[in-house]
Amino acid sequence: MRIKLTTEAKNKLLVYAEKGKKIILDLDDGLGRFSGEGDCALITKFRVIIVDSKEDVSDYSIKLDSSLGDIYYKESASEFLEAGLELKVNPKTQLLVLKNDHETIDNSVNIIDFDVVKSK
């Protein structure tokens, strides 16, 4: 499957891709090594997590094709990732918006640089 990145969304992620980092589209459901246990909520919440190219992403074994290369996700996110998948930028909030042909999945997708988070 392919995910379309608008020019604005691509520009936000390009700096990480140029550094050779892996891009993960994470359903924050408490599963996977980048989700905290018990962090899941009753809402659908996605995040883009940027990790070093050497990080273990085996929990995120499925790949989306994009203009920046592979974007990884985990099996539990599959039900949301349907035809017409797109990441764009909300001009008011500057956050990413994840949508498909049928619905807006998440209006406020944050970008998290895992190297910065784990250094704190």
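Definitions and limits used
- The residue count restarts for each chain, going from 1 along the sequence in the order it is written.
- Reporting in this predicted model follows two pLDDT cut-offs: at least 70 for local features of residues, and 80 or more for side-chain atom pairs to be given and counted; totals over whole chains, interfaces and linings ignore these cut-offs and use all residues.
- Side-chain figures throughout are based on the complete set of non-hydrogen atoms in the structure, without hydrogens or water.
- Like charges are joined within 9 Å and nonpolar side chains (Val, Leu, Ile, Met, Phe, Trp, Tyr) within 5 Å, but only among residues with over 30% relative accessible area and no salt bridge; these make up the patches.
- Where accessible areas are quoted, they stem from the Shrake-Rupley method and a 1.4 Å probe; at the residue level, only the protein chains shown are allowed to cover.
- By salt bridge we mean one thing: a side-chain nitrogen of Lys or Arg within 4 Å of a carboxyl oxygen of Asp or Glu.
- The positive count covers Lys and Arg only, the negative count covers Asp and Glu only, and His and the chain ends enter neither.
- A single reference atom marks each charge: NZ on Lys, CZ on Arg, CG on Asp, CD on Glu.
- Numbered from the N terminus, helices here are DSSP runs of H or I no shorter than four residues, and strands are runs of E no shorter than two.
- Strands qualify as paired when DSSP identifies two bridges or more between them.
- Note on definitions: a residue-residue contact is assigned when non-hydrogen atoms from the two residues lie within 4.5 Å.
- Each axis is a line fitted through C-alpha atoms, taken for helices only over the stretch in contact, and angles between the N-to-C directions span 0 to 180 degrees.

## Some remarks on a negative patch on the surface
Link 1 in the chain: A grouping of Glu79, Glu82, Asp101 and Glu103 is seen on the molecular surface, where their side chains present a negatively charged patch.
Link 2 in the chain: In this fold, Glu79 is placed in the loop between β5 (71–73) and β6 (86–89).

## Looking at the sheet that holds strand β1 (residues 4–5)
Link 1 in the chain: Pairing within the open sheet is mixed, and its eight strands lie in the order β1-β6-β7-β8-β3-β2-β5-β4. Strands with a single pairing partner mark the edges of an open sheet, and in this sheet they are β1 and β4 (62–64).
Link 2 in the chain: Packed on one face of the sheet, helix α1 (residues 7–18) meets β1, β2 (22–27), β3 (46–51), β6, β7 (96–99) and β8 (104–113) and runs near 95° to β6.

## So, the environment of Ile24
Link 1 in the chain: Among the secondary structure elements, Ile24 is positioned in strand β2.
Link 2 in the chain: Each C-alpha atom of the pair Ile24 and Ile111 lies 9.7 Å from the other, and the pair is 87 residues apart in sequence.
Link 3 in the chain: Excluding anything up to four places from it in sequence, Ile24 contacts Phe34, Arg47, Val48, Ile49, Val51, Val57, Tyr60, Ile71 and Tyr72.

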